[in-house]
Amino acid sequence: MIDLNRFFRPMDGRMQVDEALYGQVQMCERMAEAMSRNSSHSLYIIDYNAKGFIYVSPNPLFLCGHTPNEVMAMGYGFYEKVVPAEEVQMLLEINEAGFRFFYSHPREERLAMSIDYDFHLCYGEGNQQLIHHQLTPIQLDAEGNIWLALCSVSLSTAKSEGNVVCSVGRGSEHYAYSFASKRWKLLPQTVLSEREADILRLSIRGFNMKQIGESLFIDVNTVKYHRRHLFQKLGVANITEAIGLAESMRLI
C-alpha cells in the first residue's frame, strides 16, 4: 500500500475553493462528456481539492475492465490497482516534479501548461498496454493551485514508459524531465515545414507513402526525402515515434 497523499506533494492541501464555485463543475463534466463522444481518447477530470475524480468517460482504454463509477469511487487508489508497482513510483515522481515545475511559473502562465507522459495499464492475466497520458489544468483556486484538471488517455506510440514533457505558453516551449538528474531541460524549438506537417497529418490518417504522394501530388521518393528530414529533426527512428512526439510537442 502506498500513501495516496504522495500524489499531491508538494501541492498545498489547504486549497481556496469556495463551495459556490462547484456549480462550475457540472458544466466541465458536460463538456468532457461531449468531447468523449467525439474522441477515441479516454477522458477524466481530477478534482485536486477533493483529491479524487469527478468525471470518467466510458471509453474502455482507461477503465481496465471497471465501470466509470467504480473508477471514480476508487479515485487515486485506481492507479495502485492497474499500474505496475514500479511505475506507480514513477508516477509519484512525475507528479511531484510536475507540481514543482508548475509552481515555478507565474500564476498567469499556469492555465497554459500541460504535461505528457507514458505508462502501462494492466488488463489482467499479465496483459499490459502502454498508454499516453496528458494532463491540462482547467481551473485554478484563489491561490493559483490546480483545482480541476482534464486528463486524456490514448494508445502510446513510444517504446517504453516515461517520456515526460511539459509544455508551457500554449505549446511554445517544451521541457523534458530527466529521471537521472531530476531536472527539467528546455527542448530545442522545432518548426515543421508545411510539407512535413502534411505528411504527419496524412500518416495519422493511416496513409502509406504512395497514398501520401498521390494526395500531395509528389512522388514517393520525395515523400521519403521529407520523412527522412522529419525523423532527423525530431530525433526519432520511424513515423510512429514522429507522430507521438509531434503530438506531445503540439506541432500538429
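Since the structure is predicted, the reported quantities are computational estimates derived from the model, not experimental observations.

Draft legend 1. Spatial organisation of the overall build of the protein chain. The helix and strand inventory of the protein chain stands at ten helices and eight strands. Expected size for 252 residues packed as a compact globule is a radius of gyration near 18 Å; at 19 Å, the protein chain falls within 12% of this value. Of all intrachain contacts in the protein chain linking residues separated by at least 6 positions in sequence, the fraction that spans at least 24 positions is 57%. For the protein chain, the accessible area works out to roughly 13100 Å², and carbon and sulfur atoms hold 50% of it. Across the protein chain, the mean location of the 24 positive side-chain charges is 6 Å away from that of the 29 negative side-chain charges.

Draft legend 2. Region of the structure containing the packing of helix H7 (residues 194-204) against helix H10 (residues 239-248). The contact between H7 and H10 brings their axes to 10 Å, and the two run at 105°. Classed by the angle they form, the pair H7 and H10 counts as roughly perpendicular. Here H7 contributes Leu 200, Ser 203 and Ile 204 to the contact with H10, which in turn contributes Ile 239, Ala 242, Ile 243, Ala 246 and Glu 247.

Draft legend 3. Structural detail: H7. Residues of H7 that are buried include every one of Glu 196, Ala 197, Ile 199, Leu 200, Leu 202 and Ser 203, and no others. One or two steps after H7, the chain reaches Gly 206, where phi turns positive at roughly 95°.

Draft legend 4. Region of the structure containing the sheet that holds strand S5 (residues 146-155). Pairing in this open sheet of eight strands is antiparallel, and the strands run S2-S1-S5-S4-S3-S6-S7-S8 from one edge to the other. A single partner strand is all that each edge strand has here, and the edge strands are strand S2 (52-56) and strand S8 (183-186). With direction set aside, neighbouring strand axes in the sheet form an average angle of 30°. Pairing of strand S3 (residues 114-122) with strand S6 (residues 162-168), which is carried by four bridges, proceeds in the antiparallel orientation. Paired with Asp 116 across the strands is Val 165, a residue of S6. The sheet contacts of helix H5 (residues 85-103) involve S3, strand S4 (128-140), S5, S6, strand S7 (173-178) and S8, and relative to S3 the element is tilted by about 170°.

Draft legend 5. Fine view of the packing of helix H8 (residues 209-216) against helix H9 (residues 220-234). Viewed as axis vectors pointing N to C, H8 and H9 meet at an angle of 105°, and their least axial separation amounts to 8 Å. Here H8 is positioned roughly perpendicular relative to H9, judged by the angle of their axes. Every residue of H9 that contacts H8 at Met 209, Lys 210, Ile 212 and Gly 213 is listed here: Val 220, Val 223, Lys 224 and Arg 227. The residue makeup of the contact of H8 with H9, split by class, is four nonpolar, one polar and three charged.

Draft legend 6. Focus on the pattern of salt bridges. Throughout the structure, instances matching the rule amount to six salt bridges. One salt bridge in this structure joins Glu 241 and Lys 159, with 3.2 Å as the shortest N-O distance. Here Glu 241 is found in helix H10, whereas its partner Lys 159 is found in the loop between S5 and S6, with 82 residues between them in sequence. Judged by its relative accessible area of 18%, Glu 241 is buried.

Draft legend 7. Structural view of the packing of aromatic side chains. Applying the stated criterion across every chain, the model contains 19 aromatic pairs. Judged by centre distance (5.2 Å) and plane angle (75°), the ring pair of Tyr 22 and Trp 147 falls under edge-to-face. In this pair, Tyr 22 is assigned in the segment before helix H1 (23-37) and Trp 147 in strand S5, connecting sequence segments 125 residues apart. Judged by relative accessible area, which is 1%, Trp 147 ranks as buried. Chaining the aromatic ring pairs together yields one cluster made of Phe 7, Phe 8, Tyr 44, Tyr 48, Phe 53, Phe 62, Tyr 76, Phe 78, Tyr 79 and Phe 99. Directly above the aromatic system of Phe 8 lies the positively charged group of Lys 51, at a separation of 5.2 Å from the ring centroid.

Draft legend 8. Examining H8 more closely. Along H8, the residues that are buried comprise Ile 212, Gly 213 and Leu 216. Take H8 and look down its axis: the buried residues cluster within an arc of 100°, on one side only. Among the structural elements, H7 and H9 are those in contact with the buried residues of H8. Measuring from the side-chain oxygen of the N-cap residue of H8 to the backbone nitrogen of Lys 210 gives 3.1 Å; that N-cap residue is Asn 208. Just past H8, the residue Phe 217 takes up positive phi, approximately 60°.

Draft legend 9. Structural view of unusual backbone geometry. One non-glycine residue, Lys 51, lies in the positive phi region at around 60°. In this structure, Phe 217 is a non-glycine residue whose phi angle is positive, near 60°. Within the element layout of this structure, Phe 217 appears in the loop between H8 and H9. Residue class for Phe 217 comes out exposed when judged on its relative accessible area of 76%.

Reading the values: rules and limits
- Residues numbered from 1 in each chain as written.
- Predicted model: local features only at pLDDT ≥ 70, side-chain atom pairs only at ≥ 80, totals over all residues.
- Heavy atoms only, no water.
- Helix = DSSP H or I, 4+ residues; strand = E, 2+ residues; numbered from the N terminus.
- Rg over C-alpha atoms; globule rule 2.2 N^0.38 Å.
- Contact = heavy atoms within 4.5 Å.
- Areas by Shrake-Rupley, 256 points an atom, 1.4 Å probe, with all protein chains shown as cover.
- Lys, Arg positive; Asp, Glu negative; His and termini not counted.
- Charge placed at Lys NZ, Arg CZ, Asp CG, Glu CD.
- Axes fitted to C-alpha atoms, helices over the stretch in contact; angles between N-to-C directions.
- Parallel < 35°, antiparallel > 145°, perpendicular 65-115°, else oblique.
- Buried < 20%, exposed > 50% of the residue type's maximum accessible area, 1.4 Å probe, protein only.
- Pairing = 2+ DSSP bridges.
- Nonpolar A, V, L, I, M, F, W, Y, C, P; charged D, E, K, R; others polar.
- Salt bridge = Lys/Arg side-chain N within 4 Å of Asp/Glu carboxyl O.
- Phe/Tyr/Trp six-rings, centres within 6.5 Å; stacked < 30°, edge-to-face > 60°.
- Lys NZ or Arg CZ within 6 Å of the ring centre and 35° of its normal.
- Arc of directions from axis to C-beta.
- Polar contact = N/O pair within 3.5 Å; in protein donor to acceptor, adjacent residues only side chain to side chain.

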